[in-house]
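Remarks on the overall topology
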Amino acid sequence: MFMSSWLKTVFFLLGSAFLTHMIPFSSFFRNLDTMIHEFGHAVVTLALSGKVMYIELFVDHSGVTYSAVTSGWSFIPIALAGYPTASLFAMFLFYSNAKGKQRLGIQLCTLIAVICLMLFVRNEFGMMWLIGFIVLNVLMLAFAPKWMFRFYYLLLSFLTLEESVFGPLSLVAYAFIDPARAGDATNLSQLTGIPSIGWAVLFALFALWCSKQAIQAFAGGARGGRSAKRPAIQPDYD
């Protein structure tokens, strides 16, 4: 039963990735996961009395957060924050969907985008993407018919879930092939002495666990819906 549930999760993710790649313009929305990832770094930086210098979001769905803190140990939780934040946010979107609170999910996405635009993101592509994303969300919240809004919400949810899982899995590959280029895992390795591959695997396992919870929430929500009808400057964190 244990292996069966994990295999279902893997096949579900692969099927979702195949289908969403067939949707026109889906690539645009994949930066949502990047925004959440970098926002996670920024929030933890501020929570530790550090300074977020700026965030950059790029067209290839990568991103970077430049931060400064006074205490060296602070870099560890900051570097840890990105991937788990993205994974937990993807899970949140699916739990919100299961509870019929899709508007809350879109509103939170929009709020985070507004905060990033106003306070953190300064590169041209990142700012233009945030403006477009915010405008589209507002239009969906205000004018979209129910079927279109639900499709839009599920598209964002599944794309965010996919990116939150495949990002850490690709990090594992980077850490294995070239440990010096494994982003957050490399930073953590330099700070702790634990090999990059160890951090990358940890991120990947947590992402898979969150995706399993998200898919179970989606399946449970779908069943519920059917029955209801019947009655110093750290270089980067990327």
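Rules and cut-offs
Residues numbered from 1 in each chain as written. Predicted model: local features only at pLDDT ≥ 70, side-chain atom pairs only at ≥ 80, totals over all residues. Heavy atoms only, no water. Helix = DSSP H or I, 4+ residues; strand = E, 2+ residues; numbered from the N terminus. Areas by Shrake-Rupley, 256 points an atom, 1.4 Å probe, with all protein chains shown as cover. Phe/Tyr/Trp six-rings, centres within 6.5 Å; stacked < 30°, edge-to-face > 60°. Buried < 20%, exposed > 50% of the residue type's maximum accessible area, 1.4 Å probe, protein only. Axes fitted to C-alpha atoms, helices over the stretch in contact; angles between N-to-C directions. Parallel < 35°, antiparallel > 145°, perpendicular 65-115°, else oblique. Left-handed = near helix turned anticlockwise from the far one by under 90°. Contact = heavy atoms within 4.5 Å. Nonpolar A, V, L, I, M, F, W, Y, C, P; charged D, E, K, R; others polar. Patch = residues over 30% accessible without salt bridge, like charges linked within 9 Å, V, L, I, M, F, W, Y side chains within 5 Å. Salt bridge = Lys/Arg side-chain N within 4 Å of Asp/Glu carboxyl O. Core = buried A, V, L, I, M, F, W, Y, C linked by side-chain atoms within 4.5 Å.

**Describing the overall build of the protein**
- Secondary structure assignment for the protein yields 9 helices and 3 strands.
- Ordering the α and β elements of the protein from the N terminus gives α-α-α-β-β-α-α-α-α-α-α-β.
- About 12000 Å² of surface is accessible on the protein, with carbon and sulfur atoms providing 73% of the total.

**A word on the packing of aromatic side chains**
- One pass over the structure, following the stated rule, counts 11 aromatic pairs.
- On the numbers, 5.1 Å between centres and 90 degrees between planes, the contact of Phe28 with Phe29 is edge-to-face.
- Judged by its relative accessible area of 9%, Phe29 falls in the buried class.
- Here Tyr83 and Phe203 contribute two aromatic rings whose centre-to-centre distance is 5.1 Å and whose plane-to-plane angle is 40 degrees, an arrangement assigned as tilted. Note that Tyr83 is positioned in helix H4 (residues 75-98) and Phe203 in helix H9 (residues 196-229), a separation of 120 residues in sequence.
- You can call Phe203 buried: its relative accessible area is 3%.
- Taken together, the ring pairs in this structure connect Phe28, Phe29, Trp129, Phe133 and Tyr152 into an aromatic cluster.

**Description of the packing of H4 against helix H7 (residues 146-177)**
- Contact geometry for H4 and H7: axes closest at 9 Å, N-to-C directions at 150 degrees. Here H7 runs roughly antiparallel to H4, going by the angle between their axes. Here H4 and H7 pass one another in a crossing that is left-handed. The residues of H7 that touch H4, namely those facing Tyr83, Ala86, Ser87, Ala90, Leu93, Phe94, Ser96 and Asn97, are Arg150, Tyr153, Leu154, Leu156, Ser157, Phe158, Thr160, Leu161, Ser164, Gly167, Pro168 and Leu171.
- Class assignment for the residues of the contact of H4 with H7 results in 12 nonpolar, 7 polar and 1 charged.

**Regarding a nonpolar patch on the surface**
- A cluster of nonpolar side chains, Met128, Ile131, Val135, Leu139 and Phe143, forms an exposed patch at the surface whose accessible area comes to about 520 Å².
- Along the chain, the position of Leu139 falls in helix H6 (residues 124-143).
- By relative accessible area, which is 43% here, Leu139 ends up partly exposed.

**Here we look at the nonpolar core**
- Leu32, Met35, Cys116, Leu130 and Phe133 are the most contacted members of the largest nonpolar core, which totals 30 residues.
- Of all the secondary structure elements, the ones that give two or more residues to this core are helix H3 (31-47), strand S1 (51-57), H4, helix H5 (102-120), H6 and H7.
- Excluding residues within four positions of it along the chain, Cys116 makes contact with Met35, Phe39, Val121 and Leu130.
- Of all hydrophobic cores here, the second largest spans 12 residues; its members include Ala90, Leu161, Ala207 and Ile215.

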